Amino acid sequence: MTESAPVIAIDGPSGSGKGTIARRVADALGWHLLDSGALYRLVALAAEKSGASLHDPEVLAQVARTLDVEFDSNEDGAERIRLSGKDVTLDVRTEETGARASAVAAIPAVRTALLERQRGFQQPPGLVADGRDMGTQVFPDARHKIFLTASAEERARRRHKQLKDKGLDVSLAALSRDIEDRDRRDSERSVAPLRPAEDARILDSSGRSIEAVTQTVLDWVAER
Ligand code: C5P
């Protein structure tokens, strides 16, 4: 039954390693993956392409409701995202899109519009969901809730490397400022602010390898 498919909610600020860890955990368990940040980024991108104003909640909610997206992977397993049939894999990851996503994510009607779409990812054998409010709003009954953190400096360094590997060139200083701005906006917004669920376990990934953090999550999951 769909309702009973277990969920591992992994929340945290940008650059904490959520995306990478969520993917590794999903692969290790053979579970589905929900990258909820990509949905907010896609709303921002779709709004931009259609010329919709980032200040019109009703139009943005409509964009969110009618989002035509496909997530898949190419032959070597790399993620591929299509918006209305067009490959937007790179556009989705730019800092500019991230900043716009954070602005549209502060609009309650957009969050409501994406709620059911996100819940639809809860399918057997299980789901690893990565975002800001997976454990607090979208999957409050998740079997496992993890809040992944890392120091601001380390998060900026990681984002820098990630973008560089994708061929996108951004200065580290600009990235740090951008991350701090985004953290502030995500934590201070009135709707679904970034915060750990009361029953979440906090995991600090500073100075720890991807393998070590993934293993900690898998150990926690195996405990229950
Ligand atoms: O995780 P990612 O950097 O892709 O998310 C982009 C933006 O989308 C975040 O800064 C945040 O404002 C928003 N977001 C959100 N709730 C989620 C996931 C992302 O508000 N569950």
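Everything in this summary refers to the structure shown in the same document. (Residues numbered from 1 in each chain as written. Predicted model: local features only at pLDDT ≥ 70, side-chain atom pairs only at ≥ 80, totals over all residues. Heavy atoms only, no water.)

## Comments concerning the sheet that holds strand 3 (residues 69-73)
If you trace the 3 strands from one edge of the open sheet to the other, you get 3-4-5, paired in antiparallel fashion. The open sheet is flanked by strand 3 and strand 5 (86-87), the only strands paired with a single partner. In this structure, strand 4 (residues 79-83) lies alongside strand 5, joined through 2 bridges in antiparallel fashion. Looking across to strand 5, one finds that Arg82 is bridged to Asp87. (Pairing = 2+ DSSP bridges. Helix = DSSP H or I, 4+ residues; strand = E, 2+ residues; numbered from the N terminus.)

## Remarks on the packing of aromatic side chains
In total, this model carries 1 aromatic pair according to the counting rule given. Centroid distance Phe71 to Phe121: 6.4 Å. Interplanar angle 75°. Geometry classified as edge-to-face. Residue Phe71 is located in strand 3, and its partner Phe121 is located in the loop between helix 6 (108-119) and strand 6 (127-131); the two are separated by 50 residues in the primary sequence. Given the relative accessible area of 24%, Phe121 is considered partly exposed. Sitting over the ring of Trp220, Arg201 keeps its end group 4.0 Å from the ring centre. (Phe/Tyr/Trp six-rings, centres within 6.5 Å; stacked < 30°, edge-to-face > 60°. Buried < 20%, exposed > 50% of the residue type's maximum accessible area, 1.4 Å probe, protein only. Lys NZ or Arg CZ within 6 Å of the ring centre and 35° of its normal.)

## A closer look at the packing of helix 8 (residues 152-165) against helix 9 (residues 172-188)
At a closest axis distance of 9 Å, the pairing of helix 8 and helix 9 adopts a crossing angle of 120°. Regarding the angle of helix 8 to helix 9, the classification is oblique. Taken as a pair, helix 8 and helix 9 cross one another with a handedness that is right-handed. Contacts between helix 8 and helix 9 involve Arg155, Ala156, Arg157, Arg159, His160 and Leu163 from the former and Leu172, Leu175, Ser176, Ile179, Arg182 and Asp183 from the latter. Tallied by class, residues from the contact of helix 8 with helix 9 come to 5 nonpolar, 2 polar and 5 charged. (Axes fitted to C-alpha atoms, helices over the stretch in contact; angles between N-to-C directions. Parallel < 35°, antiparallel > 145°, perpendicular 65-115°, else oblique. Left-handed = near helix turned anticlockwise from the far one by under 90°. Contact = heavy atoms within 4.5 Å. Nonpolar A, V, L, I, M, F, W, Y, C, P; charged D, E, K, R; others polar.)

## What about the side chain of Asp11?
Within the element layout of this structure, Asp11 appears in strand 1 (residues 7-11). Within the buried set, Asp11 has no salt-bridge partner at all; the shortest N-O distance to an opposite charge, 7.0 Å, is to Arg132. There is a polar contact of 3.2 Å between the side chain of Asp11 and the backbone nitrogen of Arg132. Among the polar contacts listed, one links the side chain of Asp11 to the backbone nitrogen of Gly135, at a separation of 2.8 Å. Sequence-distant contacts of Asp11, that is, excluding residues within four places in its chain, are made with Lys18, Gly131, Arg132, Asp133, Met134, Gly135, Ile146, Phe147 and Leu148. (Lys, Arg positive; Asp, Glu negative; His and termini not counted. Salt bridge = Lys/Arg side-chain N within 4 Å of Asp/Glu carboxyl O. Polar contact = N/O pair within 3.5 Å; in protein donor to acceptor, adjacent residues only side chain to side chain.)

## A closer look at the site of the ligand
Near the ligand there are 16 residues, and of these Arg41, Arg111, Asp133, Asp186 and Arg189 occur at the shortest range. A distance of 3.0 Å separates a nitrogen atom of the ligand from a polar side-chain atom of Ser36. In this structure, Asp186 approaches the ligand through a side-chain N or O atom, which is 2.7 Å from an oxygen atom. Burial of the ligand by the protein amounts to 96% of the accessible area it has alone, namely 450 Å². Top element by residues in the shell around the ligand is helix 2 (residues 36-50). It accounts for 4 residues. Partitioning the shell around the ligand into residue classes produces 4 nonpolar, 4 polar and 8 charged. (Near = heavy atom within 4 Å. Areas by Shrake-Rupley, 256 points an atom, 1.4 Å probe, with all protein chains shown as cover.)

## Looking at the pairing of strand 6
A large share of strand 6 lies buried, amounting to 5 of its 5 residues. By the alternation rule, side chains of strand 6 split into Leu127, Ala129 and Gly131 and Val128 and Asp130, which are all buried. The sheet contact formed by strand 1 and strand 6 spans 5 bridges and is parallel. Pairing of Val7 across the sheet is with Leu127, part of strand 6. One ladder, built from 4 bridges, connects strand 2 (residues 32-35) with strand 6; its direction is parallel.

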